2 protein chains.
Amino acid sequence: MAQTSPMRADVAMPTARASATTSFRPIVIHPDGALGDPCAHCDARSVSVCNAIEDDRLPRLAAAAVTATLAPGQGFIAEGDPATHFFNITSGTARLFKLLPDGRRQITGFAGRGHFLGLAVSDTYAFGAEAIGPMTMCRFPRSRMLGLLDEFRALEQRLLETARNELVSAQEQMLLLGRKTARERLSSFLLAQARAGSACGHAAHQIDLPMTRADIADYLGLTIETVSRGFTRLRNDGLIRLDGANSVHIRNIAALEDAAGGV
Amino acid sequence: MAQTSPMRADVAMPTARASATTSFRPIVIHPDGALGDPCAHCDARSVSVCNAIEDDRLPRLAAAAVTATLAPGQGFIAEGDPATHFFNITSGTARLFKLLPDGRRQITGFAGRGHFLGLAVSDTYAFGAEAIGPMTMCRFPRSRMLGLLDEFRALEQRLLETARNELVSAQEQMLLLGRKTARERLSSFLLAQARAGSACGHAAHQIDLPMTRADIADYLGLTIETVSRGFTRLRNDGLIRLDGANSVHIRNIAALEDAAGGV
DNA sequence: CGGTCACTTGATCGTCTTCAATACCAGTGG
DNA sequence: CCACTGGTATTGAAGACGATCAAGTGACCG
């Protein structure tokens, strides 16, 4: 299966670093549950599991939901807390992460518009979540959501489908974390972001990075410095162009795919 | 969130190594579909999703299933192949893995008795699978299985539950691969194996390792040598005892949990 | 016994981390 | 307008962990 290859690939791992977050402040709730039909006009619906529900039954869903706005850095799921709610992100981006007792952090994913959260839980949340920038979401009490699942089988099916997709990405991330070099990780990450962006209608070569270098590092199992050096090298090699720290332009996608390990 | 800590933690990653496998030989099929009620007497049923189906309707399940025996090293899922079947392992252990073009391998998990495979797929398998030792399983054509899902909603619910659990383990594995040292990885692995074993009725301190050092290495994102040295060090530190290469006895579980990173 | 295979152990090397300094950018107030 | 400040990103030098290369052990099997 795996044959010998001249490739080299080393990765070391960082100690925990300071990372000031606004974490847990009270969340601003919008009491719009009583309004007409918020779910019907939701921007996120078309890309979310909610789409599985027919128009005329959306009010049933809306009745269970409460929308909220979060400030940058604000946390809304704490690992280990009782899992009381499900969440659906309607705008902005969140980071999902796990922590070690000494503070080392692994970001397991970034969740954008339409992303359904709280799935991967038993009684307590298995990961934490924080808004990266300004963010809005809607929130369902767990019990009512489970009732909705009984009522809407299509919703349950969509959730299973979602879970399968996330499982596939998780496996790809394991391959990345376990076997790819820093350069490959960064290239893979940029390509994934480009794909995610173009799915949201952005230009295929233009990548917007709402997260910081620290977030990227914690997502790729690297340090800030290695991420930064990686960007610089990809730029010097002519694969990308950096327009500020949060915007990347792909100049040579074939070479970038190659640098990603050919997957 | 993540504060500075004096911890050090480096990991390097291996080049692809030779790893002779018997891979794809024809699978021995048992034509027992016509027999009485094989699912009712299945050893794996109690720990599998099949358990969601009532006794009197088991024949409907059995009618779709075909059992098979695999030789050690034999592959039965090839990454990228059209996803035609679901699998349920009835005895033995399989390794699930992803490969990079140059042969580097990441094992994403080990699947034992009762484990349901083929979930995390769209049209093609997202990972490969091989028997580690002698193995038996039953196999469902994809289309018939989907029909069964329609018929047995409880089965679908169990699958969603399974998927959620796997998502949680996947996140834990990402934390391990991205942020833990070699020693922590190995300790975490042993503890997980111990838990899995005791769930199957083994003594809590006794661990059986059906897989090779190469498998463990590819699972933990390390090399064979590092895994071996890790075992030796844990032994010399008095945390474990090695009874041959495939049997481990935990001598100090608290210390082992500590060495695992305290999670 | 010679052969293979899996595992262990030793010495050296390289990638990424660590530590530290510098650059950058937005916001603030003199 | 410019100095000041805090947070973020970049760059440089040194060090460390795990990879690599290589040799040695032990078990099993012909």
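Counting of residues starts from 1 at the beginning of each chain's written sequence and follows it residue by residue. To label them, take the chains in the order written and letter them from A, then take the ligands in the order written and number them from 1. With pLDDT at 70 or above as the cut-off, local features in this predicted model cover only qualifying residues; side-chain atom pairs require 80 or more to be listed or tallied, and sums for whole chains, interfaces and linings still use all residues. Calculated side-chain values reflect all of the structure's heavy atoms, with hydrogen atoms and water omitted.

**Q** For the domain arrangement of chain A, give the residues involved together with the corresponding values.
**A** Frequently, the measure chosen for interface size is the accessible area that the parts lose on association. Residue and element names in this part refer to chain A. Assigned domains of chain A: these are domain 1 (28-168) and domain 2 (180-259). Each partner contributes residues to the interface: domain 1 has 9 residues there, and domain 2 has 8 residues. Accessible area that two parts lose when put together, evaluated with a 1.4 Å probe and summed over both, is termed the buried area. Roughly 770 Å² of surface becomes buried between domain 1 and domain 2 when both sides are summed, with 53% attributable to carbon and sulfur atoms. We define a salt bridge as a contact between a side-chain nitrogen of Lys or Arg and a carboxyl oxygen of Asp or Glu at a distance within 4 Å. At the junction of domain 1 and domain 2, the tally comes to 3 salt bridges. Polar contact is the term for a pair of N or O atoms within 3.5 Å; when the atoms are in protein, one must be able to donate a hydrogen and the other to accept it, and sequence-neighboring residues count only if both atoms are side-chain atoms. Summed over the shared surface of domain 1 and domain 2, the number is 6 residue pairs in polar contact (both at pLDDT 80 or more). Helical segments are the DSSP runs of H or I of at least four residues, strand segments are the runs of E of at least two, and each set is numbered from the N terminus. In terms of residue count, the dominant contributor to the side of domain 1 that touches domain 2 is strand β7 (residues 105-111) (6 residues). Throughout, the edges of the domains are those of an automatic or database domain assignment. Contacts were defined at the residue level, with two residues in contact if any of their heavy atoms lie within 4.5 Å.

**Q** With reference to specific residues and values, describe the side chain of His 85 of chain A.
**A** Within the secondary structure, His 85 of chain A is located in strand β5 (residues 85-91). In contact with His 85 of chain A, other than residues within four places in its own chain, are Tyr 125, Arg 139, Phe 140, Pro 141 and Arg 142 of chain A.

**Q** Got a sec to walk through the nonpolar core? Specific residues and values, please.
**A** Take the buried Ala, Val, Leu, Ile, Met, Phe, Trp, Tyr and Cys residues and link them wherever side-chain atoms come within 4.5 Å; each set so joined is a nonpolar core. Partly exposed residues are those whose accessible area sits between 20% and 50% of the maximum for their type, while under 20% is buried and over 50% is exposed, using a 1.4 Å probe and protein chains only. One finds Phe 189 of chain A together with Phe 189 of chain B to be the most contacted residues of the largest nonpolar core, which totals 62 residues. Aside from chain neighbours lying at most four places away, what touches Phe 189 of chain B is Phe 110, Leu 209, Met 211, Ile 216, Tyr 219 and Leu 220 of chain B. If you look at the next biggest cluster of nonpolar residues, it comprises 46 residues, including Cys 39 and Phe 86 of chain A together with Phe 86 and Met 145 of chain B.

**Q** Please give an account of the packing of helix α3 (residues 153-179) of chain A against helix α3 (residues 153-179) of chain B that cites residues and values.
**A** Helix-helix packing is described using two parameters, namely the angle between the two axes and the distance between the axes. Between α3 of chain A and α3 of chain B, the shortest axis-to-axis distance is 9 Å and the interhelical angle comes to 25°. In terms of orientation, α3 of chain A and α3 of chain B fall into the roughly parallel class. Considering the relative orientation of α3 of chain A and α3 of chain B, their crossing is left-handed. We call Asp, Glu, Lys and Arg charged. Ala, Val, Leu, Ile, Met, Phe, Trp, Tyr, Cys and Pro are nonpolar, and the rest, Gly among them, are polar. The class makeup of the residues in the contact of α3 of chain A with α3 of chain B is 14 nonpolar, 6 polar and 6 charged. Angles here are taken between N-to-C directions and fall from 0 to 180 degrees, while the axes themselves are lines fitted to C-alpha atoms, restricted in helices to the stretch in contact. Working definition: roughly parallel below 35 degrees, roughly antiparallel above 145 degrees, roughly perpendicular at 65 to 115 degrees, and oblique for all remaining angles. Should the near helix be turned anticlockwise from the far one by less than a right angle, the crossing is termed left-handed; should it be turned clockwise, right-handed.

**Q** With reference to specific residues and values, describe the environment of Gly 262 of chain A.
**A** Among the structural elements, Gly 262 of chain A can be located in the segment after α7 (253-259). Each C-alpha atom, one on Gly 262 of chain A and one on Glu 184 of chain A, is 9.1 Å from the other, the two residues being 78 residues apart in sequence. Each residue touching Gly 262 of chain A, except ones within four places of it in the same chain, is listed here: Glu 257 of chain A together with Pro 101 of chain B.

**Q** Let's hear about the sheet that holds strand β6 (residues 94-99) of chain B: which residues, and what values?
**A** Taking strand neighbours across the sheet as the criterion, the 4 strands line up as β4-β9-β6-β7 (chain B) in an open arrangement whose pairing is antiparallel. Each having just a single partner strand, β4 (75-77) and β7 (105-111) of chain B make up the two edges of the open sheet. Each neighbouring strand pair of the sheet contributes to a mean axis angle of 30°, computed without reference to strand direction. DSSP-based pairing: two strands are paired if at least 2 bridges between them are found. By the bridge criterion, 6 bridges tie β6 of chain B to β7 of chain B in an arrangement that is antiparallel. Across the sheet, the residue bridging to Ala 94 of chain B is Ala 111 of chain B, located in β7 of chain B. Taken strand by strand, α3 of chain A contacts β6 and β7 of chain B, and its axis lies near 130° from that of β7 of chain B.

**Q** Quick rundown of the packing of helix α4 (residues 182-199) of chain A against helix α5 (residues 213-220) of chain A? Include the residues and the values.
**A** Residues and elements named next belong to chain A. Contact pair α4 / α5: the axes reach a minimum separation of 11 Å and the direction vectors enclose 110°. When the axes of α4 and α5 are compared, the pair comes out roughly perpendicular. The chirality of how α4 crosses α5 is right-handed. Along the contact surface, α4 presents Arg 185, Leu 186 and Phe 189, while α5 presents Ile 216, Tyr 219 and Leu 220.

**Q** A description of the packing of aromatic side chains should follow, citing residues and the corresponding values.
**A** Within 6.5 Å between ring centres, the rings of Phe, Tyr and Trp (the latter by its six-membered ring) count as paired, and their orientation is classed by plane angle as stacked under 30 degrees, edge-to-face over 60, tilted in between. Taken as a whole and judged by the stated rule, the model has 11 aromatic pairs over all chains. Taking 6.5 Å as the distance between ring centres and 45° as the angle between the ring planes, the aromatic pair formed by Phe 87 of chain A and Tyr 125 of chain A counts as tilted. Here Tyr 125 of chain A lies in the loop between β8 (116-117) and β9 (128-131) and Phe 87 of chain A lies in strand β5, a separation of 38 residues in the sequence. Taken together, a centroid distance of 5.8 Å and an interplanar angle of 65° make the contact between Phe 189 of chain B and Tyr 219 of chain B edge-to-face. With Phe 189 of chain B in helix α4 (residues 182-199) and Tyr 219 of chain B in helix α5 (residues 213-220), this pair connects stretches of sequence that are 30 residues apart. For the pair Phe 189 of chain B and Tyr 219 of chain B, a shared accessibility class is recorded, and that class is buried. Joined through ring pairs, the aromatic side chains of Phe 76, Phe 87 and Tyr 125 of chain A make up one cluster.

**Q** Can you tell me about helix α6 (residues 224-236) of chain B, naming the residues and giving the values?
**A** Side chains three or four residues apart in an α-helix point the same way, a direct result of the helix having 3.6 residues per turn. All names here are of chain B. The span expected for a helix works out to 1.5 Å for each residue beyond the first. The end-to-end C-alpha distance of α6, which contains 13 residues, comes to 18 Å, matching closely the 18 Å that a straight helix rising 1.5 Å per residue would cover. Of the positions making up α6, those classed as buried are Val 227, Gly 230, Phe 231 and Leu 234. Taken around the axis of α6, the buried residues stretch over an arc of 100°, which confines them to a single face. Residues Arg 229 and Asn 236 are exposed on α6 and point more than 90 degrees away from its buried face. The arc in question is traced by the directions running from the helix axis to the C-beta atoms.

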